[in-house]
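Residue-level structure breakdown
Listed below are the residues making up each chain.
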Amino acid sequence: FDLLSNACFNCCEVWFANMGSCMSPKSSPSSGDGLTLAEQEAHRTINDELVKHQNHDQRGKKLLLLGSGASGKSTLFRQVQCIYDVGFNETDHIKALGINRQNMVKEMWTLLVKWRELYEKNIVDSKLEDDQTNTDAVLKILEYKEESFDINAEYEASEMHALGASLALLWKLPAVRETFKLGTQYFAISENIDFFFDKAVDIFKPNYEAPKEDVVKSRLMTTGMNEKLFTMNDVDFLIVDVGGQRSERKKWITQFGGVNAILFVAALSHYNRVLFEDETRNGMHESISLFNEIINLKFFRTTEMILFLNKKDLFAKLIREQVPLSVCFSTDKGWDGQQWAPDNANDYMPSSDPDQAEEDEEEFTRCYNAALDFITTIYVEQNERPGKMVYVHVTDATDQDQIEKVFWDVQDIAIKGNLRQGGLIP
């Protein structure tokens, strides 16, 4: 990756090039290996990490979840936990409630701040009325915007009621709604926060218990590594989730050993999103660039590559709201690859005639499929290895039934890949 130093890559190449059939790390390098002192030090650090994980990873066929931030990797990971393990325990539900409350307050504050910026730039038309009711609600958000809502903390029921009511009131304002809808191209915000805003009053009730859907949809940036061992059809798998933000990617290299399949998760809706860590960068541009780097790494030349085009529900919503792919795939947006021209014949234009509802739905489906095919082609064409397959699944990671079905395909792909590497099948 461009975010990893050359020293890391050079020493990692030496490590992988010298791995034996039993995945034994090479002994510490010296200047005779053609490495600089910095590269030798990087090699030793990575070697130590790989040794630490070597036996650990041999517990099952290793599936490595990669992708840029907010693509849905952790949601996918939680679904695997739900499907193949005991599911979520009471602590998971309590933690999710605190996380969701914290995110709601922070995201509402972000919307209020960004509304002013976008309003002054004439991007948002609606004005936030400066009356006492709105002012009191804004002050309540300001009061709690740094609150962690820790699971062990106690809060006055009246205060939580007032906070929930303030969130609900502000969320109904046209200025806030318009900022949320139009602002995603300009600032980073959780894509599903509207799901929580819609039931803000309930979430801040003292006796509210977060249901499973709240846990699955909770948004917490992954730092470090999470892993889960599960069994599917008598085969053991180890799925590893690592943080997708740029600051986390330099840690990925410690997980590259013994991988049977890469599960690369890309959010379809990110064609209309900016990065959390860099609001000048389109989210899908970042994802495509990252996928290009991953699929063409020589460490993964025999590793199965499974591409999850995720968040298809949000993608469909954007297409229906007439957000064209040209907001991402055009020269003036910094994209120099295949273009999606403005006023493309495949841009959805809804009919105003209620008698044309069936025809309109067919037109929407046609435009949705055209946009999906275009994005799929962009990703698949990043593969520079003739003969290497990219297995594509279009998913909604919050849909447990779908994820369970998809993972049967993942199992089949991983096992066949393992047999292929062993020369047992062509």
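From a predicted model like this one, the values you see are computed outputs, not experimental measurements.

1. A few points about the overall build of the chain
The helix and strand tally for the chain stands at 15 helices and 6 strands. Scored against the burial criterion, the 426 residues of the chain give a buried share of 51%. Considering only contacts within the chain whose residues lie at least 6 apart along the sequence, 76% involve residues at least 24 apart. When the accessible area of the chain is evaluated, it comes to approximately 20,100 Å², of which 48% is carbon and sulfur surface.

2. So, the sheet that holds strand β3 (residues 235-242)
In spatial order, the strands read β2-β3-β1-β4-β5-β6; together these 6 strands make up an open sheet with mixed pairing. The open sheet has two free edges, formed respectively by β2 (225-232) and β6 (390-394), since each of these has just one partner strand. When the angles between neighbouring strand axes are averaged without regard to direction, this sheet yields 20°. Looking at chain direction, β2 and β3 are connected through 8 bridges and run antiparallel. Note that in β3 the partner of N226 across the bridge is D241. Strands in contact with helix α12 (residues 283-295) are β1 (61-66), β4 (259-267), β5 (304-310) and β6; relative to β4, the strand with the most contacts, it is inclined by about 165°.

3. Some remarks on the side chain of Q81
Turning to its location among the elements, Q81 is positioned in helix α3 (residues 73-84). The buried category is assigned to Q81, whose relative accessible area is 14%. Within polar-contact distance, the side chain of Q81 engages the backbone oxygen of G87 at 3.4 Å.

4. Here's the deal with the nonpolar core
Of all hydrophobic cores here, the largest spans 48 residues; its most connected members are Y271, F315 and F329. Mapped by element, the contributors of at least two residues to this core are β1, β3, β4, α12, β5, α13 (312-320) and α14 (357-380). Element by element, the count of residues in this core is highest for α14, at 9 residues. Setting aside residues no more than four positions away along its own chain, F315 makes contact with L268, S269, Y271, L325, Y368, A371, L372 and I375. Counting residues in hydrophobic clusters, the runner-up holds 35 residues, among them M160, A168, F204 and Y208.

5. Points about the pattern of salt bridges
Applying the stated criterion across every chain yields a total of 22 salt bridges. Ionic pairing is found between E146 and K145, a salt bridge with its closest N-O pair at 2.9 Å. On the accessibility criterion, E146 (62% relative accessible area) is exposed. Note that D278 and R246 form a salt bridge whose closest N and O atoms lie 3.4 Å from each other. With D278 in the loop between β4 and α12 and R246 in helix α11 (residues 246-249), the pair connects residues that are 32 residues apart, well separated along the chain. Overlapping salt bridges bring together R246, R249, E277, D278, R281 and E286 as one network.

6. Regarding unusual backbone geometry
Its identity as a non-glycine residue notwithstanding, D234 has a phi of 65°, on the positive side. By the element assignment, D234 lies in the loop between β2 and β3. Taking relative accessible area as the criterion, D234 reaches 74% and is therefore assigned exposed. Of note, Q322 is a non-glycine position whose phi angle comes to about 65°, a positive value. Note on placement: Q322 falls in the loop between α13 and α14.

7. Observations concerning α12
The end-to-end C-alpha distance of α12, which contains 13 residues, comes to 18 Å, matching closely the 18 Å that a straight helix rising 1.5 Å per residue would cover. Within α12, 10 of the 13 residues are buried, which leaves it mostly tucked inside the rest of the structure. Within the span of α12, buried status applies to G283, M284, H285, E286, S287, I288, L290, F291, I294 and I295. Looking at the buried positions of α12, the neighbouring elements they touch are β1, α11, β4, β5, α14 and β6.

8. Quick notes on the packing of helix α5 (residues 132-144) against helix α6 (residues 157-171)
Contact geometry of α5 with α6 gives a least axis separation of 9 Å together with a crossing angle of 120°. With respect to their mutual orientation, α5 and α6 come out oblique. At the point where α5 passes α6, the crossing takes the left-handed sense. In this structure, α5 contributes T133, N134, A137, V138, K140, I141, E143 and Y144 to the contact, and α6 contributes E159, M160, A162, L163, S166, L167, L169 and L170. Residue composition of the contact of α5 with α6, by class: 10 nonpolar, 3 polar and 3 charged.

9. Structural notes on the packing of aromatic side chains
The tally for this structure, following the rule as stated, stands at 22 aromatic pairs. Judged by centre distance (5.2 Å) and plane angle (25°), the rings of W115 and Y119 are stacked. Placement of the pair is W115 and Y119 together in helix α4 (residues 90-120), with a separation of 4 residues, close to one helical turn. Overall, the relative accessible area of 7% leaves W115 in the buried class. Where W171 meets F180, the ring centres are 5.5 Å apart and the plane angle is 80°; that geometry is what we call edge-to-face. For the residue pair W171 and F180, the accessibility class agrees, reading buried in each case. Across from the ring centre of F204, 5.2 Å away, lies the NZ or CZ of R101, which sits over that ring. Positioned above the aromatic ring of F195, the side-chain terminus of K217 is 4.1 Å from the ring centre.

About the criteria used
- Residues numbered from 1 in each chain as written.
- Predicted model: local features only at pLDDT ≥ 70, side-chain atom pairs only at ≥ 80, totals over all residues.
- Heavy atoms only, no water.
- Helix = DSSP H or I, 4+ residues; strand = E, 2+ residues; numbered from the N terminus.
- Buried < 20%, exposed > 50% of the residue type's maximum accessible area, 1.4 Å probe, protein only.
- Contact = heavy atoms within 4.5 Å.
- Areas by Shrake-Rupley, 256 points an atom, 1.4 Å probe, with all protein chains shown as cover.
- Pairing = 2+ DSSP bridges.
- Axes fitted to C-alpha atoms, helices over the stretch in contact; angles between N-to-C directions.
- Polar contact = N/O pair within 3.5 Å; in protein donor to acceptor, adjacent residues only side chain to side chain.
- Core = buried A, V, L, I, M, F, W, Y, C linked by side-chain atoms within 4.5 Å.
- Salt bridge = Lys/Arg side-chain N within 4 Å of Asp/Glu carboxyl O.
- Expected span 1.5 Å × (residues − 1).
- Parallel < 35°, antiparallel > 145°, perpendicular 65-115°, else oblique.
- Left-handed = near helix turned anticlockwise from the far one by under 90°.
- Nonpolar A, V, L, I, M, F, W, Y, C, P; charged D, E, K, R; others polar.
- Phe/Tyr/Trp six-rings, centres within 6.5 Å; stacked < 30°, edge-to-face > 60°.
- Lys NZ or Arg CZ within 6 Å of the ring centre and 35° of its normal.

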